[in-house]
Amino acid sequence: MNKATPTAEIHVLGEGKRGKLSEEAYAQLKQRIFDFRLPPGQRYSEAALAEMLAISRTPLRLALHILEHEGYLQNVGGHNCWQVRALDLSYYEDLYDFRSELEALAIRLASKAGSPPRLDALAALWCADKAERRLDSDFVADSDEAFHLAIVGLANNTSMARTFAEITDRIRIIRRVDFVSERRIEETYDEHGEIIRALLAGRFEAAEDLVRRHIDKSREEIRKITVYNMSMKR
């Protein structure tokens, strides 16, 4: 999935009201794909999608082409027939392995600085008292992405950060299902808090181990939920 500022592309290719409608259609379709309301492998005509979103086909078509460019949809019969790409779990397993190694490497590189990193903003969110935690899934999903991007940012390496951002976008479609239950949201707060406290104490090896275990646990939860969702949508 090759994301390259899709909303900017929408505005460039279709400015004004049409561009706004395309942007809205893009956001709605992508969210429905993330939520499995447009399940992997399912085919849709443009007419059906236009009716679903209550939008004309011209702005819809631009949104569809952006989603095709990102890898979420594929054209399977002219512009009138679109299919949600099937999920290849082995592909995501490979990306999770790569992600885990990048975060671990970032922590090792950060340890060479000789002093604990400044993590005030992360600590304020993830180490807050339980009564102060925000539990809405969208907020936690977005904040989780920011947390892991910040971990990689500790390496102060722009190439690593860019690569990790690309991985983050590619796994987003399945990663967000990790925050459908309050249990997993609470565990994410706990695990992120442990990682932050280890880093602030200068215990970099412990932080690396905690990151690996956190990602592996998330991967296992996502695997179970994704397989279940896919089976229920057949």
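Residues numbered from 1 in each chain as written. Predicted model: local features only at pLDDT ≥ 70, side-chain atom pairs only at ≥ 80, totals over all residues. Heavy atoms only, no water.

A.B. asks: Teacher, can you tell me more about the nonpolar core here?
C.D. replies: The nonpolar side chains of a soluble globular protein tend to be buried with one another. Of all hydrophobic cores here, the largest spans 59 residues; its most connected members are Leu-29, Leu-60, Ile-173 and Leu-199. A total of seven residues in this core trace back to one element, the largest contributor, which is helix 5 (residues 89–111). Here Leu-29 is in contact with Leu-38, Leu-49, Leu-53, Leu-60, Leu-64 and Leu-67, once residues within four sequence places are set aside. (Core = buried A, V, L, I, M, F, W, Y, C linked by side-chain atoms within 4.5 Å. Buried < 20%, exposed > 50% of the residue type's maximum accessible area, 1.4 Å probe, protein only. Helix = DSSP H or I, 4+ residues; strand = E, 2+ residues; numbered from the N terminus. Contact = heavy atoms within 4.5 Å.)

A.B. asks: Is there a simple way to think about empty space enclosed by the protein in this case?
C.D. replies: Unfilled space is identified by rolling a water-sized probe across the atoms. What the rule picks out here adds up to three cavities of 30 Å³ or more. Quantified by volume, the largest cavity comes out at close to 80 Å³. Leu-89, Tyr-92, Glu-93, Tyr-96, Ile-174, Arg-219, Ile-222 and Arg-223 are the residues that line the largest cavity. Those elements that place two or more of their residues in the lining of the largest cavity are helix 5 and helix 10 (204–232). Of the residues forming the lining of the largest cavity, the biggest block, four residues, is contributed by helix 5. Tallied by class, the residues present in the lining of the largest cavity amount to five nonpolar, no polar and three charged. Taken as a whole, the second largest cavity encloses approximately 40 Å³ of empty space. Around the second largest cavity, the lining residues are Leu-29, Ile-33, Leu-38, Tyr-44, Leu-49, Leu-64, Leu-73, Trp-82, Gln-83 and Val-84. Listing elements by their share of the lining of the second largest cavity, those giving two or more residues are helix 2 (16–34) and strand 3 (81–84). At three residues, strand 3 tops the list of elements feeding residues into the lining of the second largest cavity. (1 Å grid on protein atoms, 1.4 Å probe; cavity = no way out; pocket = protein on both sides within 12 Å on 5 of 7 lines; lining within 4 Å. Points joined across faces, edges and corners; volume = space filled by probe spheres on them. Nonpolar A, V, L, I, M, F, W, Y, C, P; charged D, E, K, R; others polar.)

A.B. asks: Where do I start with the packing of helix 5 against helix 8 (residues 158–175) in this structure?
C.D. replies: To characterise two packed helices, one gives the angle between the axes of the helices and the distance between these axes. Where helix 5 meets helix 8, the closest approach of the two axes is 10 Å, and the angle between their N-to-C directions is 140 degrees. Between helix 5 and helix 8, the angle falls in the class oblique. Once helix 5 is placed against helix 8, the crossing between them reads as left-handed. Two secondary-structure elements touch here, helix 5 through Tyr-91, Tyr-92, Leu-95, Tyr-96, Phe-98, Arg-99, Leu-102, Glu-103, Leu-105, Ala-106 and Leu-109 and helix 8 through Met-160, Thr-163, Phe-164, Ile-167, Arg-170, Ile-171, Ile-173, Ile-174 and Arg-175. The class makeup of the residues in the contact of helix 5 with helix 8 is 15 nonpolar, one polar and four charged. (Axes fitted to C-alpha atoms, helices over the stretch in contact; angles between N-to-C directions. Parallel < 35°, antiparallel > 145°, perpendicular 65-115°, else oblique. Left-handed = near helix turned anticlockwise from the far one by under 90°.)

A.B. asks: Where do I start with the environment of Ser-115 in this structure?
C.D. replies: Within the secondary structure, Ser-115 sits in the loop between helix 5 and helix 6 (120–126). The spatial distance from the C-alpha of Ser-115 to the C-alpha of Leu-199 is 9.6 Å, given a sequence separation of 84 residues.

A.B. asks: Help me understand the layout of surface pockets, please; the structure alone is not making it clear to me.
C.D. replies: Here the largest pocket defines a volume of roughly 160 Å³. Lining the largest pocket we find 13 residues, and of these Phe-34, Asp-35, Arg-176, Val-177 and Val-180 sit closest to its centre.

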